[in-house]
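# Close look at the chain arrangement
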Amino acid sequence: MRFPGIRGFGVLAATAVAGSLLTAPVAAAATCTISGEMVSAGNYWVTHGTNLDAPDWQNATFHVGNLALVRTTGQSNHKTYPWAQANAYLLPEDPKRPFFPDNQAAGEAYLDLYTYFHPEIPLDSIRTRIRDVVASVRAGHRDYWNYVDALNMAMPSFARMSLIDHDPSYSDAMDQLFRSAERKLFDEFTGLWYRDARFKGSGVFWSRGNGWALAALTKVLQVLPADDPRRPEYLRVYRKTASTLALVQRRDGFWNSDLLNPWHHGGPESSGTALFAFGLGWGVNAGLLDAARFRPVVDRAWTALSTKALQPSGLVGYVQPVGDRPATARPEDTAAYGVGAFLLAGQEIARLQGCSAG
């Protein structure tokens with residue numbers, strides 16, 4: 001069956017043929033500057049990006065954003081479906097770390113293809129991995145999500161596959177894994193997440209790490225039924241993080257790489273900012289965040305991303321390189337995950353401005 005939790009993109013799904021989508025944009029989206037900005041960013045990456053083939057977390061984040069681009073603008077660069085086909089819809093495997101969350105991230109991109117465009121594609125690899133994790137959690141192992149990135153890499157697929165397979169054991173395991181991460185990494189005083197146990201009590205709250213957490217909760221709240229007993233806690237944490245982020249946003253619209261320390265790597269950083277714009281933008285669109293308070297925050301973030309991070313060539317710059325803590329990002333620094341986050345943010349801004357095709 002098709003995944004029931006997200007509204008399908010009917011027009012484009014009906015026109016999807018042989019792995020490609022018609023490229024004529026919807027008229028309303030064609031006049032929207034966000035549409036052009038998203039297309040420019042996506043096209044630049046697929047033309048000039050590096051290491052495009054692997055089904056790793058970096059490429060997965062890009063392709064989740066790339067499919068958001070298609071649903072928002074009505075245009076496709078025809079890269080995500082061939083990427084998924086070439087990887088046979090498989091998740092990476094690591095015998096030494098069979099349940100490593102980073103190796104589950106590609107599942108979200110495959111699920112987006114399945115949900116919106118290609119209901120015929122197999123989900124066996126995702127399903128098998130989740131069932132194996134469920135069995136391990138039932139055996140008492142609940143510490144797999146012990147770094148904050150893990151929430152985004154794995155949690156959304158658990159929630160979505162639980163609905164697809166009508167199997168509450170997936171959501172039960174997801175909740176146990178989340179609660180373990182929350183106890184160890186979420187700081188109730190600030191409403192922010194530590195990257196991992198090494199940073200607990202340090203006062204260092206990494207922007208992109210918190211972006212991963214907010215994005216994960218956003219994606220789960222998008223699909224979790226309104227009467228699900230787990231939903232209130234996810235929504236509480238989501239709103240608490242959102243409230244803190246609204247307070248600590250910089251005047252230029254970005255967030256510091258070290259969220260509470262403007263003197264530590266104090267320049268622009270776009271990957272965390274884009275993930276925040278996505279999560280907060282969705283909350284305003286869904287009516288879960290007060291528009292009077294949060295819409296200006298989201299608008300400032302998109303102005304920063306679209307006028308400072310996005311360069312005339314289409315390169316999305318100021319993306320902090322791969323790491324596990326705050327660091328400096330240069331204008332020329334870019335990466336698949338930064339572009340994917342930019343595209344996810346664009347999707348929500350386009351909806352806010354009433355110029356989304358989807």
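Now for a description of the structure that goes with this document. Being a predicted model, the structure only gives us computed values, none of them experimental.

What counts and what doesn't
- Residues numbered from 1 in each chain as written.
- Predicted model: local features only at pLDDT ≥ 70, side-chain atom pairs only at ≥ 80, totals over all residues.
- Heavy atoms only, no water.
- Helix = DSSP H or I, 4+ residues; strand = E, 2+ residues; numbered from the N terminus.
- Buried < 20%, exposed > 50% of the residue type's maximum accessible area, 1.4 Å probe, protein only.
- Expected span 1.5 Å × (residues − 1).
- Phe/Tyr/Trp six-rings, centres within 6.5 Å; stacked < 30°, edge-to-face > 60°.
- Lys NZ or Arg CZ within 6 Å of the ring centre and 35° of its normal.
- Axes fitted to C-alpha atoms, helices over the stretch in contact; angles between N-to-C directions.
- Parallel < 35°, antiparallel > 145°, perpendicular 65-115°, else oblique.
- Left-handed = near helix turned anticlockwise from the far one by under 90°.
- Contact = heavy atoms within 4.5 Å.
- Nonpolar A, V, L, I, M, F, W, Y, C, P; charged D, E, K, R; others polar.
- Lys, Arg positive; Asp, Glu negative; His and termini not counted.
- Salt bridge = Lys/Arg side-chain N within 4 Å of Asp/Glu carboxyl O.
- Polar contact = N/O pair within 3.5 Å; in protein donor to acceptor, adjacent residues only side chain to side chain.
- Core = buried A, V, L, I, M, F, W, Y, C linked by side-chain atoms within 4.5 Å.

One non-glycine residue, H166, lies in the positive phi region at around 50 degrees. By the secondary structure assignment, H166 is in the loop between α8 (149–164) and α9 (168–185). With relative accessibility at 59%, the residue H166 sits in the exposed group. One non-glycine residue, Y318, adopts positive backbone phi at about 60 degrees. One can find Y318 in the loop between α13 (291–309) and α14 (336–352).

Next up on the list: α8. A rise of 1.5 Å per residue sets the reference length of α8, with its 16 residues, at 22 Å; its end C-alpha atoms lie 24 Å apart and thus fit the reference within 8%. The element α8 is extensively covered by neighbouring structure, given that 16 of its 16 residues are classed as buried. One or two residues past the end of α8 sits H166, with phi positive at roughly 50 degrees.

A word on the packing of aromatic side chains. Applying the stated criterion across every chain, the model contains 15 aromatic pairs. Seen from their ring centres, Y238 and W282 are 6.2 Å apart, and the 75 degrees between their planes marks the pair as edge-to-face. Of this pair, Y238 sits in helix α11 (residues 231–248) while W282 sits in helix α12 (residues 270–285), placing them 44 residues apart in sequence. In this structure an aromatic cluster arises from ring pairing among F178, F186, W193 and Y234. Its end group placed over the ring of Y116, R71 keeps NZ or CZ at 4.0 Å from the ring centre.

This brings us to the packing of helix α7 (residues 124–138) against α9. Angle between the axes and distance between the axes: these two values describe a pair of packed helices. For the pair α7 and α9, the least separation of the axes is 9 Å and the interaxial angle reads 60 degrees. For the element pair α7 / α9, the angle class is oblique. The two elements α7 and α9 meet at a crossing, and its hand is left-handed. Only S169, Y170, A173, Q176 and L177 of α9 make contact with α7, whose side of the interface consists of R127, I130, R131, V133, V134, V137 and R138. Residues that form the contact of α7 with α9 fall into these classes: seven nonpolar, two polar and three charged.

Residue placement: R208 occurs in helix α10 (residues 207–223). Comment: no salt bridge for buried R208; closest opposite-charge side chain is E269, at 4.3 Å. A polar contact is formed between the side chain of R208 and the backbone oxygen of P321, at a distance of 3.1 Å. If we skip the residues at most four places from it in the chain, R208 touches E269, S271, G272, L275, Q320, P321, V322, G323 and Y337.

Among the nonpolar cores identified, the biggest contains 118 residues, and W145, L151, M155, F158, W193, Y234 and L280 are the most heavily contacted of them. In this structure, Y234 is in contact with M155, M174, D175, F178, L217, V220, L221 and L224, ignoring residues within four places of it in sequence.

With respect to the helices and strands, the residue R97 is situated in the loop between α5 (80–86) and α6 (106–116). Separated by 196 residues in the primary sequence, R97 and R293 place their C-alpha atoms 43 Å from one another.

By secondary structure assignment, the location of Y194 is in the loop between β2 (192–193) and α10. Judged by its relative accessible area of 6%, Y194 falls in the buried class. C-alpha separation for the pair Y194 and I121, spaced 73 residues apart in sequence, amounts to 37 Å. Apart from residues lying up to four places away in sequence, Y194 is in contact with V148, L185, D187, F199, K200, G201, S202, G203, V204 and F205. One polar contact links the side chain of Y194 to the main-chain amide nitrogen of G201, over a distance of 3.2 Å.

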